[in-house]
Each structure stands twice: as structure tokens, then as C-alpha cells.
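Summary of structural features
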Amino acid sequence: PYTTLFRSSWNPAAERLFGFSERVMIGASLKRLLPAGTFAGLGAKLRAMASGESVSLELPARRKGGELIEAAVTVSPLRGEDGEVTGVASIARDVTKRNRDAASLALANSRFAAAFQSASIGMALVAPDGRFLEVNPALCRFLARDAQALLASSFQALTHPDDLASSLEYLQRALSGKIETFQQSKRYLLPDGGIVWALLTLTIVRDGGGVPLHFVAQIQDITARKTAEEELRRYAAE
């Protein structure tokens, strides 16, 4: 019963979407819009429609020129006065771009996650209030703490007191939109009371409305360089 769905209506929006005119589609088969083999896989959905259920699905569809798109379709039953299903009303949207954008974003996120975890320098996602949201293995090694300990902490708690004020100033400038990224040489505290030096690069990430989501932190160990600089200063003084 659903091989000729288009019996009474084919609106201008449907014509723009698929390219077929109302004259062509009234009385035409649904198969005109579906690539070969698609119709055969709709058995469960068609049975649900026949029993009077509303159905939502995404499926490939074919436009007049042969171009394939991805369509989101919602089909609802039309009932007569006796409650029997006399037909269906369908709404179709082209979601090709949305799905491709989502796939591209998923791929980008996957690549970032792989680079994040395998990076040779410390990396972290930091909340606007300074809490660690994600940390990579290199950062755990650098700060001599496991991931669980870091995720229960914040950059404020691990920053040397003499460097904290300048870090907070940079953070506030980024949150207020004055800067998008900054670099800072700073000291971090180790569990045993020691310190390490790092070159911190912090970049803010915002949503589509400009609201800060988190920071991406890159934390490079420069302890050896700072130690060498201190040695040179001491030799010069002597």
C-alpha cells in the first residue's frame, strides 16, 4: 500500500527539495525517490506506519538529476472519522550538510584526541575556573601525579605562589575577550615539595555565541633550561 504514497499532495517545498513537479509525483511510486535496495530495508518502518504509528527515520534519497541526499523524514497517519488510517502525511528535510558537518567534527575530535593523548609535552583541557577537565600522560609524568589526582585539582593549586597572580591576570584577560591566547614561563609544585619550570601556552575555546567553554593548555618542560640559566647567572656573579 505504500508503493504509491503520493496520491493527493506534493507541495512546492517538496518540489524544491527533490526537483520533481507535483504533476510527476502525484500517483508516483515512493521508489522514484529511493536508491536501489533502500525500499527493501524499510519493512519494519512500513509495518509501523500501516499500524497507525508515527515514524521518523533518516535515509538516502535521490533528486531528479540523480544526486543523492540524506533526508530526515517524519511520517504521521491520517485517520478518517471511524479512526481508520486513510493515508499518511510526511515531512522531509535535507540533512546532508548537517550530517557531513557532524562527521567532519567527529573526525576532527578523534584526531585531536589522538594527538592529545600521544603528545610528548603536557596537555590539558582546563575549565574557566581553573579545574582540570582532561589531562594527558605526559602532563601526569611532568607533575608527578596520576590523572585522577590532577582531575581533582586545579592549576591554581599546583602553581607556585609567586607565579599565581600573573597567571590569574592572563586568565581573566582571556575570559573577558581581550586576548585569545598567551604564553607564560611559570613554576609548578611537585608532591614532594620540589618545583619544575614550564612554558605554558593557553588558548581559549568558545562556543558559537562567544561563551568560554574551556582552555587548551600546552605545558612544556623547561626546567633544564631554567637551571642552566640560573647556573650562568651564578657564575657571572662569582
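Just so we're clear, the structure is a prediction, and the values are computed from it rather than from any experiment.

**A few points about the nonpolar core**
F132, L139, F142, L143, Y188 and I219 are the most contacted members of the largest nonpolar core, which totals 25 residues. Secondary-structure elements contributing two or more residues to this core are β4 (122-126), β5 (132-135), α5 (137-143), α7 (155-158), α8 (161-175), β6 (181-189), β7 (195-206) and β8 (212-221). For this core, the element with the most residues is β7, which contributes 5 residues. The residues contacting L139, other than those within four sequence positions of it, are G122, M123, A124, F132, L150 and I219. The next biggest cluster of nonpolar side chains, apart from the first, holds 22 residues, and it includes A14, F18, F20 and A28.

**Quick notes on the packing of aromatic side chains**
Here a ring pair, both rings aromatic, is described through the centre-centre distance and the interplanar angle of the planes. Applying the stated criterion across every chain, the model contains 4 aromatic pairs. Judged by centre distance (5.8 Å) and plane angle (35 degrees), the ring pair of W10 and F18 falls under tilted. Residues W10 and F18 agree in their burial class; the two are buried. Pairing F112 with F116 gives two aromatic rings, centres 5.8 Å apart and planes at 45 degrees, and the pair type is tilted. Residue F112 and its partner F116 are both found in helix α4 (residues 96-118); the two are separated by 4 residues, about one turn of the helix. We classify F112 as partly exposed; its relative accessible area is 36%. With relative accessibility at 2%, the residue F116 sits in the buried group. In this structure, R32 is placed above the aromatic ring of F20, and the distance from its NZ or CZ to the ring centre is 5.6 Å. Directly above the aromatic system of W197 lies the positively charged group of K226, at a separation of 4.6 Å from the ring centroid.

**A few points about the sheet that holds strand β2 (residues 68-79)**
Across a sheet, paired strands are connected by hydrogen bonds in the backbone, their directions being either parallel or antiparallel. Taken in spatial order, the 3 strands make up an open sheet running β1-β2-β3, and their pairing is antiparallel. At either end of the open sheet lies a strand with only one pairing partner, and these are β1 (55-62) and β3 (85-94). Each adjacent strand pair in this sheet contributes to an overall mean axis angle of 35 degrees, direction not counted. Pairing analysis gives 9 bridges linking β2 to β3, with the strands arranged antiparallel. Within the sheet, the bridge partner assigned to A71 lies in β3 and is D94. This element, helix α3 (residues 43-50), spans β1 and β2 of the sheet and lies at about 130 degrees to β1.

**What to know about α4**
Under the 1.5 Å per step criterion, the end-to-end length of α4 is 33 Å for 23 residues, consistent within 8% with the ideal 33 Å. Taken residue by residue, α4 has T96, N99 and F116 as its buried positions. Packed against the buried residues of α4 are β1, β2, β3, β4 and β5.

Thresholds applied
Residues numbered from 1 in each chain as written. Predicted model: local features only at pLDDT ≥ 70, side-chain atom pairs only at ≥ 80, totals over all residues. Heavy atoms only, no water. Core = buried A, V, L, I, M, F, W, Y, C linked by side-chain atoms within 4.5 Å. Buried < 20%, exposed > 50% of the residue type's maximum accessible area, 1.4 Å probe, protein only. Helix = DSSP H or I, 4+ residues; strand = E, 2+ residues; numbered from the N terminus. Contact = heavy atoms within 4.5 Å. Phe/Tyr/Trp six-rings, centres within 6.5 Å; stacked < 30°, edge-to-face > 60°. Lys NZ or Arg CZ within 6 Å of the ring centre and 35° of its normal. Pairing = 2+ DSSP bridges. Axes fitted to C-alpha atoms, helices over the stretch in contact; angles between N-to-C directions. Expected span 1.5 Å × (residues − 1).

None of this, on its own, says anything about what the molecule does.
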